[in-house]
Amino acid sequence: MPDGGLSRIHQISMRAHDIDRAVGFYRDVLGVPFLFAAPPGLAFFDCAGVRLMLSRPEPGFDHPGSVLYFAVDDIHQARAALAARGVVFRTEPHKIATLKDREVWLADFKDSEDNILALMSEPGISGI
């Protein structure tokens, strides 16, 4: 931990009432690499070095999780590929900001457990 501060996320937990259904969504629909399952009701995925854990909610923690933003190079192409696999998007790809050196684009959807997920793309601005 550099200078006493936190800097790297190792694992994110998302709640899932039906682990098998959620595994199917993340592995087969989104194509996130599946690592392993562990009893009782845990499933783990690799998101480019950050581990995603799906788990049954404990009492008092049964609420939709934080939004997971998946980085993609081409948001329109990624949206089309996921829609072809049955993903229903809540919003179409849209620019939310123009920064000095890039734009920020988002498109969001829900997983099989009603958690909100999003695609995020930050293409460079032409001519820079």
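Coordinates for the structure precede this section.
Figured I'd write up the structure that's included with this text.

Quick look at the overall build of the protein chain
Part 1: The helix and strand tally for the protein chain stands at two helices and eight strands.
Part 2: Going residue by residue from the N terminus, the α and β elements of the protein chain occur as β-α-β-β-β-β-α-β-β-β.
Part 3: Overall size of the protein chain, expressed as C-alpha extent along the three principal axes, is 55 × 45 × 25 Å.
Part 4: Out of the 128 residues belonging to the protein chain, those deemed buried represent 32%.
Part 5: Taking as baseline every contact in the protein chain between residues at least 6 positions apart, the subset at least 24 positions apart corresponds to 52%.
Part 6: Surface exposure of the protein chain reaches about 7900 Å², of which carbon and sulfur atoms provide 55%.
Part 7: Looking at the protein chain, you have 13 positive and 17 negative side-chain charges, and the mean spots of the two groups are 1 Å apart.

What to know about the sheet that holds strand β6 (residues 94-98)
Part 1: The strand order across the open sheet formed by four strands is β5-β8-β7-β6, and the pairing between neighbours is mixed. At either end of the open sheet lies a strand with only one pairing partner, and these are β5 (68-71) and β6. Averaged over neighbouring strand pairs, the angle between their axes works out to 30° when direction is ignored.

Regarding the sheet that holds strand β2 (residues 34-38)
Part 1: If you walk across this open sheet you meet the four strands as β1-β4-β3-β2, and the pairing is mixed. Sheet topology places β1 (11-15) and β2 at the edges, where each strand pairs with a single neighbour. If you compare each strand with its neighbour and ignore which way they point, the axes differ by 20° on average.
Part 2: For β1 and strand β4 (residues 50-55), the ladder comprises five bridges, and the chain directions are parallel. The residue of β4 that forms the bridge with S13 is M53.
Part 3: Helix-sheet contacts for helix α1 (residues 19-29) involve β1, β2, β3 (42-47) and β4, and the interaxial angle to β4 is about 150°.

Observations regarding the packing of aromatic side chains
Part 1: On inspection of all chains with the given rule, the structure shows five aromatic pairs.
Part 2: Measuring from centroid to centroid gives 5.7 Å for F25 and Y26, while their planes differ by 80°, and the two rings are edge-to-face.
Part 3: For F25, a relative accessible area of 11% translates into the label buried.
Part 4: Overall, the relative accessible area of 0% leaves Y26 in the buried class.
Part 5: Measuring from centroid to centroid gives 4.5 Å for F36 and F44, while their planes differ by 25°, and the two rings are stacked.
Part 6: These aromatic residues form a ring-pair network of at least three members: F25, Y26, F34 and F45.

Some points on the side chain of D111
Part 1: With respect to the helices and strands, D111 occurs in the loop between β7 (103-110) and β8 (116-121).
Part 2: One buried charged residue, D111, forms no salt bridge at all, with the nearest opposite charge on R15 at 5.5 Å.
Part 3: Side-chain polar atoms of D111 contact the side chain of Y26, separated by 2.7 Å.
Part 4: Of note is the side chain of D111, whose polar atom sits 3.0 Å from the backbone nitrogen of D114.
Part 5: Discounting chain neighbours no more than four positions away, the residues touching D111 are M14, F25, Y26 and L117.

Reading the values: the criteria
- Residues numbered from 1 in each chain as written.
- Predicted model: local features only at pLDDT ≥ 70, side-chain atom pairs only at ≥ 80, totals over all residues.
- Heavy atoms only, no water.
- Helix = DSSP H or I, 4+ residues; strand = E, 2+ residues; numbered from the N terminus.
- Buried < 20%, exposed > 50% of the residue type's maximum accessible area, 1.4 Å probe, protein only.
- Contact = heavy atoms within 4.5 Å.
- Areas by Shrake-Rupley, 256 points an atom, 1.4 Å probe, with all protein chains shown as cover.
- Lys, Arg positive; Asp, Glu negative; His and termini not counted.
- Charge placed at Lys NZ, Arg CZ, Asp CG, Glu CD.
- Pairing = 2+ DSSP bridges.
- Axes fitted to C-alpha atoms, helices over the stretch in contact; angles between N-to-C directions.
- Phe/Tyr/Trp six-rings, centres within 6.5 Å; stacked < 30°, edge-to-face > 60°.
- Salt bridge = Lys/Arg side-chain N within 4 Å of Asp/Glu carboxyl O.
- Polar contact = N/O pair within 3.5 Å; in protein donor to acceptor, adjacent residues only side chain to side chain.

All quantities given are derived from atomic positions and should not be read as evidence of function.
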